Amino acid sequence: MARAAGARGRAARCGRWRRGALLAFAAWTAGWVLAAALLLRAHPSVLSERCTDEKSRRILAALCQDYRGGWLTGALCEDLCVAGELLYQRCLYYERGKKVLQAQWRGRTVVLKSKREAFSSFPPLNLLGEETGPGAPGIPDAELLLMVAGEVKNTLGLELPNNSIVPLWPARQGPRWRQQLASAWSLLQQEEYVYFSLLPDLSRHILPVLGSCGHFYAVEYLAAGSPHHRALFPLGDAGQAEAISHIALSFLDMVSHFDSDFSHRLHLCDVKPENFAIKRDFTVVAIDVDMAFFEPKMREILEQNCTGDEDCNFFDCFSKCDLRVNRCGAQRVNSNLQVICDKIFRRWFSSTHRSPAVSPQLRLQLQQAVQECAHQEGPSGNSRTASSGVFWRLRWLLQATLRELQEVEK
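Since this is a predicted model, take the numbers as computed values, not measurements.

Draft legend 1. Here's a closer look at the pattern of salt bridges. A full pass over the atoms with the stated rule returns 19 salt bridges. D309 is the partner of K320 in a salt bridge, and the nearest nitrogen-oxygen pair spans 3.7 Å. Of the two residues, K320 is situated in the loop between β11 (317-318) and β12 (321-322) and D309 in the loop between α9 (295-302) and β10 (313-314); the sequence distance between them amounts to eleven residues. E372 is the salt-bridge partner of R393, the closest N and O atoms lying 2.3 Å from each other. Here E372 lies in helix α11 (residues 360-374) and R393 lies in helix α12 (residues 380-409), a separation of 21 residues in the sequence. A relative accessible area of 33% places R393 in the partly exposed class. Bridged by salt links that share partners, the residues E49, K55, K99 and E117 form one connected network.

So, in structure tokens, the structure goes:
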């Protein structure tokens, strides 16, 4: 009997060990799946397709066929498919299913974007099946807004009041309302479209949507930055030193907007010249926000299993590993300002940067402030306090630089 009891005890311990091992393996697998998904999101060129004019024209032809067939609609459909006012120019890139095309629309250059190639590839709004004809009662507005709010929460990690999400949804009017509804639902499933639709009224550093046709939406074309540019961004005929100072001040303004203008802080986890563009007045605009996250979503991403701090670095957004529980903290410990200082400002204001029109003392102060900004570390609260101090110092130094440059011009 003792042997039987011992055997049962060993079997129970073995069972517990197996269950524990399976749970650990499941957690490990889930972590790697999430990491792989986020990696592809950050570097979609891993699965990029060849970008061709022939295929791009076929995609737009299929879009127009769906429009004429009564499946979709949008403010740009007539200009694209009937009037010839929206003309394809060239393919910019395909990345992980996303199609980005350049076009000419009524005398201005625009970019047409969609997360997927075909309208039919977007999951439909199931509630549309409940409307069987013109005499049907239709879908209650409250139910539609509830679904929109749920989709926005899934995309942004935010719960928004109904009056904030109304711009994403068509008014109930006209014979094409069902097509408007289906088209709006396909757009709502595209994170970047949601950002570009909701945020421009709150910040000039976000591109506004100009219009849409089905699942494609248009934004203004702006030349992106590049590490191959001497000044990171195309400056035209502007003087380099003065232009860089204006652009740097606009970056600081963008940091302030993204920290303060929304209901939650907006984190930029992929800071590089290619994700920004400069308007003619030197305003910095975020043109790729695939790796931008509001605070609730950021906390969800950062809070993962870890064995060291390096496991808690999500591209440009860092956290700390709590070795007592082997979990990354949900609070980001660096900031947008710190990453911009490190990846953008250091290229401009390093020890090798020389601007004869600016006094050596001011150049040295600016270089030291940028270095301090790029290397801030510490707990999140202290880091934010330090960021605030260096933010205002950088702003003052850049304004002083502009004053000296303008004095030379006189």
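Draft legend 2. Representation of the packing of helix α8 (residues 240-260) against helix α10 (residues 336-348) in the model. Running from N to C, α8 and α10 point in directions that differ by 170 degrees, and their axes come no closer than 11 Å. Classified by the angle their axes make, α8 and α10 are roughly antiparallel. Seen from α8, the contacting residues are I244, I247, A248, F251, L252, M254, V255, F258 and D259; seen from α10, they are N336, L337, I340, I344, F345 and W348. When its residues are assigned to classes, the contact of α8 with α10 shows 13 nonpolar, one polar and one charged.

Draft legend 3. Region of interest: empty space enclosed by the protein. If you walk through the whole model with that rule in mind, you get two cavities of 30 Å³ or more. Forming the boundary of the second largest cavity are L63, L76, L80, L86, L112, S212, C213 and F216. Classifying every residue of the lining of the second largest cavity by side-chain character gives seven nonpolar, one polar and no charged.

Draft legend 4. Just the packing of aromatic side chains, in detail. For the structure shown, the criterion picks out 15 aromatic pairs. Taking the centre distance of 5.4 Å and the plane angle of 75 degrees together, the rings of F251 and F276 count as edge-to-face. One end of the pair, F251, is in helix α8; the other, F276, is in strand β7 (residues 276-278), and 25 residues separate them in sequence. Here F251 matches F276 in class, with each residue buried. Between F251 and W348, the ring centres sit 6.3 Å apart and the planes meet at 55 degrees, which makes this aromatic pair tilted. Residue F251 is located in helix α8, and its partner W348 is located in helix α10; the two are separated by 97 residues in the primary sequence. Exposure remark for F251: the relative accessible area of 0% places this residue in the buried category. Joined through ring pairs, the aromatic side chains of F233, F251, F276, F345, W348 and F349 make up one cluster. Positioned above the aromatic ring of Y94, the side-chain terminus of K99 is 4.9 Å from the ring centre. Between R116 and the ring centre of F122, over which it is positioned, the NZ or CZ distance is 5.2 Å.

Draft legend 5. Focus on the state of the cysteines. With the rule as written, the count across this model stands at seven disulfides. Through a disulfide, C51 is tied to C91; the S-S separation comes to 1.6 Å. Here the S-S torsion is close to -105 degrees, and the disulfide linking C51 with C91 is therefore left-handed. Here the residue C51 occupies a position in the loop between α1 (2-42) and α2 (53-68), and C91 occupies one in strand β1 (residues 86-95), the gap between them amounting to 40 residues. For C91, a relative accessible area of 11% puts it in the buried group. The disulfide that involves C269 links it to C317, with 2.1 Å between the sulfurs. Around the S-S axis, the bridge from C269 to C317 shows a dihedral of about -100 degrees and counts as left-handed. Residue C269 is found in the loop between β6 (266-268) and β7, and its partner C317 is found in strand β11; the two are separated by 48 residues along the sequence. For the pair formed by C269 and C317, the shared burial category is buried.

The rules we used
Residues numbered from 1 in each chain as written. Predicted model: local features only at pLDDT ≥ 70, side-chain atom pairs only at ≥ 80, totals over all residues. Heavy atoms only, no water. Salt bridge = Lys/Arg side-chain N within 4 Å of Asp/Glu carboxyl O. Helix = DSSP H or I, 4+ residues; strand = E, 2+ residues; numbered from the N terminus. Buried < 20%, exposed > 50% of the residue type's maximum accessible area, 1.4 Å probe, protein only. Axes fitted to C-alpha atoms, helices over the stretch in contact; angles between N-to-C directions. Parallel < 35°, antiparallel > 145°, perpendicular 65-115°, else oblique. Contact = heavy atoms within 4.5 Å. Nonpolar A, V, L, I, M, F, W, Y, C, P; charged D, E, K, R; others polar. 1 Å grid on protein atoms, 1.4 Å probe; cavity = no way out; pocket = protein on both sides within 12 Å on 5 of 7 lines; lining within 4 Å. Points joined across faces, edges and corners; volume = space filled by probe spheres on them. Phe/Tyr/Trp six-rings, centres within 6.5 Å; stacked < 30°, edge-to-face > 60°. Lys NZ or Arg CZ within 6 Å of the ring centre and 35° of its normal. Disulfide = S-S within 2.5 Å.

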